[in-house]
Amino acid sequence: MGQKYTIGVDYGTQSGRAVLVDLSSGHEVADHVTPYPHHVIDEYLPGSGIKLAHDWALQHPDDYLEVLRRSIPAVIKESGVNPEDVIGVGIDFTACTMLPVDEAGEPLCFHKEYVDDPHSWVKLWKHHAAQPEADKINQIAAERGEAFLPRYGGKISSEWMIAKIWQILDEAPEIYDRTDLFLEATDWVISQMTGKVVRNSCTAGYKAIWHKQEGFPSREYFKALDPRLENLTDTKLRGEVIALGSSAGGLTDAMAELTGLKPGIAVAVGNVDAHAAVPAVGVVTPGKLVMAMGTSICHMLLGTEEKQVEGMCGVVEDGIIPGLYGYEAGQSAVGDIFEWFVEESLPSYVKEQAEKEGLGVHQWLEREAAKYQPGETGLLALDWWNGNRSVLVDTDLTGMILGLTLLTKPQEVYRTLLEATAFGTRKIVDAFHSNGVPVDALYACGGLPQKNRLLMQIYADVTNREIYIADSKQTPALGAAMFAAVAAGAEAGGYDSIIDAATSMARVKEETFKPIPANVEIYELLYQEYSKLHDYFGRGENDVMKRLKAIKKSAE
Ligand SMILES: Nc1ncnc2c1ncn2[C@@H]1O[C@H](COP(=O)(O)OP(=O)(O)O)[C@@H](O)[C@H]1O
Ligand SMILES: O=C(CO)[C@@H](O)[C@@H](O)COP(=O)(O)O
C-alpha cells in the first residue's frame, strides 16, 4: 500500500501547530506553528476596544481556521509528501474553550450586531469570570445530592461549559437566546472541516457533565439552577456524542481546497490536548500519570474502576483510552507563573546579565537556581497565581511567597516558584494514590520538560517518582495524528485501535529523571509545610484571599 501519513493539529493557548506523521514509526516528518493573530484576548475586544473585566479570556474563532490555512499546506510542502498518501486528519484543543454559534454554525461574534458583545466571542479555557455561577452549580448540586458531583471530585469548575453558559445567560440573555448551539471549539473546528456538527465524548464527559450511561444531569437540576436553563441539554447542547477514535466525517471539498489535502479523507472526532498526549507517550495502561506541562499542567491517569478522588477534574469512562476510566486533574498555571516572574517582576540586571552571557532569561535563572540545595532559599510559595484547579477547585485563590528577606535573590524566588508547582503536582499525585488510583511513575510532555531540567529534577524529588519524558516535539499533535489514523482505519493504512497505534507510533526518551534520596527527604519536610499553608488558606480556615479579591472587585 506504500507509506501512509496523517496530520495532527494541536490548538494551544497561544498558537496552533500541525504535524505530519509517518504512520509506520510515528516519526514527525514536518511541523509548522501558526501563532494566533489575535492572541489571547484578555484586555480589550478587537475592533471596538471594549475593555474586558477582570478574569476574562477570549479568542477569535477565525484564528483557528488560520492555523488550518497556514500550517497544513506548510507541512505538506516541507515534507514533500504526496497529499494522496495523507489518509486522515485529527485535532486536539484546549478545553473547555467554547463558543455560541447560530443555526448555520457561524460564531455569533461574526455577526455585526453581536461583535461588540464580549459574550458572543470564544471563551478560552482560562476565562475565570464564571466563578459565581460555578459556586451556585456546586451548592445546588450538593444540596440535591446529585450523583454526578463525586465524579468531578466534588466540584464543577468555572472553567467548564455549564458555568460559562450560565454566565452568558446571566449577563447577556440576548446572546443566549440567539445561540443555536454552544460548542466546544474543538467540535466547532471539526464541524468546519466536515460540514456537520458532532460532539466528542471527551469534552462532553469532562467539561459538560455528560455521562456515557446517564447522559446529562436532569432537567430538574438545570431548572433548580435557573428555570431558563431547564431545556438546555435538549436544545443548545443537543447533538450526537461520538467516541474518541471515531471518524466525524470526511473532509469537505472546500476544506480540501483550503488545506491542500484530499477531499473525503477521515477527520477524527475532536479531542483535548492533554488527553491526546496520553497514547502519544505510549501510556495505555493504569499506574502512569501523564503530565502535559506548559502554561498549565493537565494530569492524566487511567484506571480500571470509577473511584472518587477529591478535587479531580473528572473521571470519564473511555474518556482517554477506550475500555478504561480516564482521570484528569490539573494546575491552572505553571509555565504562566514563571512567565509572570520573568516578564513582570524581574530586576533589569538579570535580563542584562543573561544577555551578556548569551543566555535566555529562563536559562540564566535555571542555572543560578540550580546552585541552591533544596530548602536553602528559606522560601515557600503557594502556586495559585491563576487559582487552584485541583484539589481545591477554586479560581478565587491567589498566590503567595513566604520567607522573603532583604537578601532574597531573583533566582531563589524562581526556584521557589518551580518548587511550588511541584508541590501542587504532589497534592494531585497523593489524592489519586491514596484513593485507590495508583500512580507508580510519571510521564511528561509539553514544552516545559524540554526547556528546564531543574524543574524536572525537582518534580522527581518532590513526588519521589521516576519521570519519563516524551520523545516527541509535539506530543498532543502526535496523539491527534494517531487518532486520525484510527479514524481512517487499518484498511486505509491506519490502525484498528489507539492501542495498536500507540504500540507502533509512541516514544519516550531513554534518559529519565530519578528521585535523589537526599533531596526527597528535605522536600518531604517542605511539603508538610506547604500542605499546612494549602489547607489554611485554601480550605476556608482563613479566607483572606477571597476577601482581598472582593475588595479588589469593588474598587475596580
Ligand atoms: N526555560 C523555561 N523554564 C520554565 N518555563 C519556561 C521556560 N521557557 C518557557 N517557559 C514557559 O513555558 C510556557 C510555554 O509552554 P509551552 O508548552 O511551549 O506552551 P503551551 O502551554 O501554550 O502549549 C510559558 O508559560 C513560558 O513561560
Ligand atoms: O484544561 C485543559 C484540558 O482539560 C487544557 O486544555 C488547558 O489546561 C490548557 O492547556 P495548555 O497549558 O495550553 O497546554
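Residues numbered from 1 in each chain as written. Chains lettered and ligands numbered in written order. Predicted model: local features only at pLDDT ≥ 70, side-chain atom pairs only at ≥ 80, totals over all residues. Heavy atoms only, no water.

So the rule is basically this: UniProt positions are given in the numbering used here, feature names are shortened, and annotations may be inferred rather than shown by experiment.
In the nomenclature of an unreviewed UniProt entry, the protein is known as Ribulokinase of Paenibacillus zeisoli. Listed under Pathway (unreviewed entry) in UniProt, the entry text for the protein is "Carbohydrate degradation; L-arabinose degradation via L-ribulose; D-xylulose 5-phosphate from L-arabinose (bacterial route): step 2/3." Under Sequence similarities (unreviewed entry), UniProt gives the following word-for-word description of the protein: "Belongs to the ribulokinase family."

### Points about the overall build of the protein
Using the following cut-off: Secondary structure elements follow DSSP: runs of H or I no shorter than four residues count as helices, runs of E no shorter than two count as strands, and numbering proceeds from the N terminus. Here the globule rule reads 2.2 Å times residues to the power 0.38, and the radius of gyration is calculated from C-alpha atoms. The cut-offs for exposure are 20% and 50% of the maximum accessible area for each residue type, with area from a 1.4 Å probe on protein chains only; residues under the lower value are buried, those over the upper are exposed, and the others partly exposed. Using the Shrake-Rupley algorithm and a 1.4 Å probe, accessible areas are obtained, with residue cover drawn only from the displayed protein chains. Under the convention used here, Asp and Glu are negative, Lys and Arg are positive, and both His and the chain ends fall outside the count. For charged residues, the charge sits on one atom: NZ in Lys, CZ in Arg, CG in Asp, CD in Glu.
For the protein, the count of helices and strands is 19 helices and 21 strands. Over its C-alpha atoms the protein spans a radius of gyration of 23 Å, differing by no more than 12% from the 24 Å that the globule rule assigns to 556 residues. By its C-alpha atoms, the protein is 65 × 55 × 50 Å across when sized along the principal axes. Buried positions account for 62% of the 556 residues belonging to the protein. When the accessible area of the protein is evaluated, it comes to approximately 20600 Å², of which 50% is carbon and sulfur surface. Charged side chains in the protein number 50 positive and 79 negative. The centres of these two groups are separated by 2 Å.

### Here we look at the sheet that holds strand β5 (residues 86–93)
How we decide: In short, DSSP must find at least two bridges between two strands for them to pair. Axis definition: a line fitted to C-alpha atoms, limited for helices to the stretch in contact. Angles are taken between N-to-C directions and run from 0 to 180 degrees. A contact between two residues is defined here by any heavy atoms of the two lying within 4.5 Å.
The mixed open sheet is built from six strands, whose spatial order is β3-β2-β1-β5-β12-β11. Strand pairing shows two members of the sheet lacking a second neighbour, β3 (28–35) and β11 (247–250), which therefore form its edges. Neighbouring strand axes in the sheet, compared pairwise and without regard to direction, differ in orientation by 20° on average. As defined by bridge partners, strand β1 (residues 5–11) adjoins β5 across seven bridges and the pair is classed as parallel. Note that in β5 the partner of Tyr5 across the bridge is Val86. Relative to β1, helix α16 (residues 475–488) is tilted by about 135°, and along the sheet it contacts β1, β2 (15–22), β3, β5, β11 and β12 (266–268).

### Here's the deal with the site of ligand 1
What counts here: Each residue is tested against the molecule or strand, and it is near if at least one of its non-hydrogen atoms lies within 4 Å. Polar contact is the term for a pair of N or O atoms within 3.5 Å; when the atoms are in protein, one must be able to donate a hydrogen and the other to accept it, and sequence-neighboring residues count only if both atoms are side-chain atoms. Residues were grouped as follows: Ala, Val, Leu, Ile, Met, Phe, Trp, Tyr, Cys and Pro as nonpolar; Asp, Glu, Lys and Arg as charged; and all remaining residues, including Gly, as polar.
Around ligand 1 sit 16 residues in total, of which Thr295, Gly335, Gly447, Lys451 and Asn452 are the nearest. A distance of 2.8 Å is found between an oxygen atom of ligand 1 and a backbone nitrogen or oxygen belonging to Thr295. Here a nitrogen atom of ligand 1 and a side-chain polar atom of Asn452 are 3.0 Å apart. Of all the secondary-structure elements, those providing two or more residues to the shell around ligand 1 are α10 (335–344), α12 (361–369) and α14 (448–451). The element best represented in the shell around ligand 1 is α10, accounting for four residues. When the residues that make up the shell around ligand 1 are grouped by side-chain class, the tally is four nonpolar, eight polar and four charged.

### Some words on unusual backbone geometry
For the bond running from Ala95 to Cys96, omega is -5°, close enough to zero to count as cis. Relative to the helices and strands, Cys96 resides in the loop between β5 and β6 (98–101). The omega angle of the peptide bond from Ser390 to Val391 is 10°, so this bond is cis rather than trans. By secondary structure assignment, the location of Val391 is in the loop between β17 (380–382) and β18 (400–402). One non-glycine residue, Asp55, lies in the positive phi region at around 80°. In this structure, Asp55 sits in the loop between β3 and β4 (58–59). Of note in the backbone geometry, Ile209 takes a positive phi value of approximately 55° without being a glycine.

### Focus on the domain arrangement of the protein
Where interface size is quoted, it is often the accessible area lost as the parts come together. Note the cut-off: Domain segmentation is taken from an automatic or database assignment of domains. Summed over both partners, the accessible area (1.4 Å probe) lost when two parts come together is defined as the buried area.
Taken domain by domain, the protein comprises domain 1 (5–274 + 475–508) and domain 2 (282–471 + 516–556). When each unit is reduced to the centre of its C-alpha atoms, the spacing between domain 1 and domain 2 is 26 Å. At the interface, 35 residues of domain 1 touch 45 residues of domain 2. Interface of domain 1 and domain 2: buried area, both sides summed, is about 3300 Å²; carbon and sulfur atoms make up 54% of it. Together, Tyr206, Ala274 and Val508 form the three largest contributors to the area buried by domain 1 at its contact with domain 2, with a combined 20%.

### Regarding the sheet that holds strand β16 (residues 325–331)
Ordered in space as β15-β16-β14-β13-β19-β20-β21, the seven strands form an open sheet in which the pairing is mixed. Looking at the sheet topology across the chains shown, the edges are occupied by β15 (314–317) and β21 (508–513). On average, each strand axis in the sheet is inclined to that of its neighbour by 25°, with strand direction left out of account. As paired strands, strand β14 (residues 297–303) and β16 are joined by seven bridges and run antiparallel to one another. In the sheet register, Leu301 faces β16, and the bridge partner there is Tyr327. Along the sheet face, helix α13 (residues 410–433) touches β13 (287–293), β14, β16 and β19 (439–445) and points at about 155° away from the line of β16. With respect to the sheet, helix α15 (residues 453–463) is in contact with β13, β14, β19, β20 (467–470) and β21, its orientation differing from that of β21 by roughly 65°.

### What about the site of ligand 2?
The environment of ligand 2 is made up of 13 residues, and the closest members are Thr13, Lys207, Thr295, Ser296 and Glu328. Note that an oxygen atom of ligand 2 is positioned 2.7 Å from one of the side-chain N or O atoms of Lys207. Ser296 has a polar side-chain atom sitting 2.7 Å from an oxygen atom of ligand 2. For the shell around ligand 2, the class distribution of residues is four nonpolar, five polar and four charged.

### Focus on the packing of α10 against α13
Our working rule: Angle categories are assigned with fixed cut-offs, so that under 35 degrees is roughly parallel, over 145 is roughly antiparallel, 65 to 115 is roughly perpendicular, and the rest are oblique. A crossing counts as left-handed when the near helix is turned anticlockwise from the far one by less than a right angle, and as right-handed when that turn is clockwise.
Taken N-terminus to C-terminus, the directions of α10 and α13 make an angle of 165°; their axes are 10 Å apart at the nearest point. Considering the angle they form, α10 stands roughly antiparallel to α13. Crossing hand, α10 versus α13: right-handed. Side by side, α10 and α13 meet where Ile337, Phe338, Trp340 and Phe341 of the first sit next to Pro410, Val413, Tyr414, Leu417, Leu418 and Thr421 of the second. Across the contact of α10 with α13, the residue classes break down as nine nonpolar, one polar and no charged.

### So, the UniProt feature "domain: Carbohydrate kinase FGGY N-terminal" (unreviewed entry) in the protein
Using the residue numbers shown here, the UniProt feature "domain: Carbohydrate kinase FGGY N-terminal" (unreviewed entry) corresponds to residues 5–277. End C-alpha atoms of residues 5–277 are separated by 18 Å, and the span's content is 32% helix alongside 20% strand.

### What about the side chain of Glu66?
With respect to the helices, strands and loops of the structure, Glu66 is situated in helix α1 (residues 61–79). Only 3.0 Å separates the side chain of Glu66 from the side chain of Arg69, close enough to count as a polar contact. With sequence-adjacent residues up to four places away left out, Glu66 is seen in contact with Thr34, Pro37 and Ser71.

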